[in-house]
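# Coordinate inspection notes
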Amino acid sequence: VHFLPEAGPAAVGTLDEHGQYALSTYQSGDGAVVGTHQVYFVAPPVEDESFSEADYMSGRVPRPRSRQPFVPVKYLAARTSELTAEVVRGTNRLDFELASQ
C-alpha cells in the first residue's frame, strides 16, 4: 500500500495475508507524515509465462510471489484509486473497503 501525501515524502507498507500493514517513510515502521494522503496499492508481480519452470528452478529468474493481484485493478494506480486517508499525530488505524467494481 502506498500513501502519497499532499506535501512531503510518500509512505509504503506491505499487506500481510490478513490485509494488515505498517507504513514506513524514512525507516521501517515509522509511519506516514501527518496530513491528507492519496492511497493506492501495488500488486505483486504476475508470473511471466515466457519463462520456463527450469528458469525459475535455476534461480536465473526470481519467482513472483503471486499469480494474480488480490486488489481490484481500480486501486492499483494513484490516478484511478480515489482512496484518501487523513493521517493524524499518534497511532492511526486506516482500513479501506475495496469494491471490485
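Scroll up to find the structure.
Quick notes on the rules
- Residues numbered from 1 in each chain as written.
- Predicted model: local features only at pLDDT ≥ 70, side-chain atom pairs only at ≥ 80, totals over all residues.
- Heavy atoms only, no water.
- Buried < 20%, exposed > 50% of the residue type's maximum accessible area, 1.4 Å probe, protein only.
- Helix = DSSP H or I, 4+ residues; strand = E, 2+ residues; numbered from the N terminus.
- Pairing = 2+ DSSP bridges.
- Core = buried A, V, L, I, M, F, W, Y, C linked by side-chain atoms within 4.5 Å.
- Contact = heavy atoms within 4.5 Å.
- 1 Å grid on protein atoms, 1.4 Å probe; cavity = no way out; pocket = protein on both sides within 12 Å on 5 of 7 lines; lining within 4 Å.
- Points joined across faces, edges and corners; volume = space filled by probe spheres on them.
- Phe/Tyr/Trp six-rings, centres within 6.5 Å; stacked < 30°, edge-to-face > 60°.
- Polar contact = N/O pair within 3.5 Å; in protein donor to acceptor, adjacent residues only side chain to side chain.

## Here we look at the pairing of strand β4 (residues 83-87)
Covered by surrounding structure in β4 are L83, A85 and V87 only, the residues T84 and E86 on the alternate face being uncovered. With five bridges connecting them, strand β3 (residues 35-40) and β4 associate as antiparallel partners. Bridge pairing in β4 places V39 opposite L83.

## Observations concerning unusual backbone geometry
Phi at E82 is positive, roughly 65°, even though this residue is not glycine. Turning to its location among the elements, E82 is positioned in the loop between α2 (78-81) and β4. Among the residues examined, E82 registers a relative accessible area of 65% and is labelled exposed.

## Side note on the nonpolar core
V1, F3, A11, L23, V39, F41, V71, Y75, L83, A85 and V87 together form the largest nonpolar core, which totals eleven residues. For this core, the leading source of residues is β4, giving three residues.

## A short note on the environment of G35
Assignment of secondary structure puts G35 in strand β3. If sequence neighbours within four positions are ignored, G35 has contacts with A85, E86 and V87.

## Focus on the layout of surface pockets
Leftover empty space is mapped by rolling, across the atoms, a probe with the size of a water molecule. Roughly 560 Å³ of volume is contained in the largest pocket. Lining the largest pocket are 27 residues, with G19, Q20, Y21, L94 and D95 positioned closest to its centre.

## Overview of the packing of aromatic side chains
Within this structure, the stated rule accounts for two aromatic pairs. Centre to centre, the rings of F3 and Y21 are 6.1 Å apart; their planes meet at 45°, and the pair counts as tilted. Note that F3 is positioned in strand β1 (residues 2-5) and Y21 in the loop between β2 (11-12) and β3, a separation of 18 residues in sequence. Ring geometry for F3 versus F96: centroids 6.1 Å apart, planes at 70°, classification edge-to-face. Note that F3 is positioned in strand β1 and F96 in the segment after β4, a separation of 93 residues in sequence.

## Thoughts on the side chain of S24
Its place among the elements puts S24 in the loop between β2 and β3. Of the polar contacts made by the side chain of S24, one reaches the backbone nitrogen of G29; its length is 2.7 Å.

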